[in-house]
Amino acid sequence: MSSAVPAILVLAASVAIGGWLSVLGSHVAQIEVLPASCRRRLQWWQSHTALITVVCVLAALAAVSMQATKIIG
């Protein structure tokens, strides 16, 4: 396996898990006590988590297909 494929997979998983955890944490925590800039950042994550996750899945699929192409071709 080339070194780019695991790096892409780890990066995609890290970003997707980080987005998911920030949304989960913001639902559990009392975000109204945070400064406005932090609240805006959390609200951005909440509204864009689905898109970020889709992009991460596409990046992981691209990495796997790159590796499969190297093995087959």
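First, a word on scope: everything that follows refers to the structure included in this document. (Residues numbered from 1 in each chain as written. Predicted model: local features only at pLDDT ≥ 70, side-chain atom pairs only at ≥ 80, totals over all residues. Heavy atoms only, no water.)

Compared with an ideal rise of 1.5 Å per residue, which puts 25 residues at 36 Å, helix 1 (residues 4–28) spans 36 Å between its outermost C-alpha atoms and is within 8% of the ideal. When we look at burial in helix 1, the residues that qualify are Val5, Ala12, Ala16, Gly19, Ser22, Val23 and Ser26. Buried-residue contacts for helix 1 involve helix 2 (36–72). (Helix = DSSP H or I, 4+ residues; strand = E, 2+ residues; numbered from the N terminus. Expected span 1.5 Å × (residues − 1). Buried < 20%, exposed > 50% of the residue type's maximum accessible area, 1.4 Å probe, protein only. Contact = heavy atoms within 4.5 Å.)

The geometry of helix 1 relative to helix 2 is characterised by a closest axis approach of 8 Å and an angle of 160 degrees between their N-to-C directions. One way to sum up the angle between helix 1 and helix 2 is to call them roughly antiparallel. Remark: the crossing between helix 1 and helix 2 carries left-handed chirality. Across the interface between the two elements, Val5, Ile8, Leu9, Ala12, Val15, Ala16, Gly19, Ser22, Val23, Ser26 and His27 from helix 1 touch Leu42, Trp45, Gln46, Thr49, Ile52, Cys56, Ala59, Ala60, Ala63, Val64, Met66 and Gln67 from helix 2. Split by residue class, the contact of helix 1 with helix 2 holds 16 nonpolar, 7 polar and no charged. (Axes fitted to C-alpha atoms, helices over the stretch in contact; angles between N-to-C directions. Parallel < 35°, antiparallel > 145°, perpendicular 65-115°, else oblique. Left-handed = near helix turned anticlockwise from the far one by under 90°. Nonpolar A, V, L, I, M, F, W, Y, C, P; charged D, E, K, R; others polar.)

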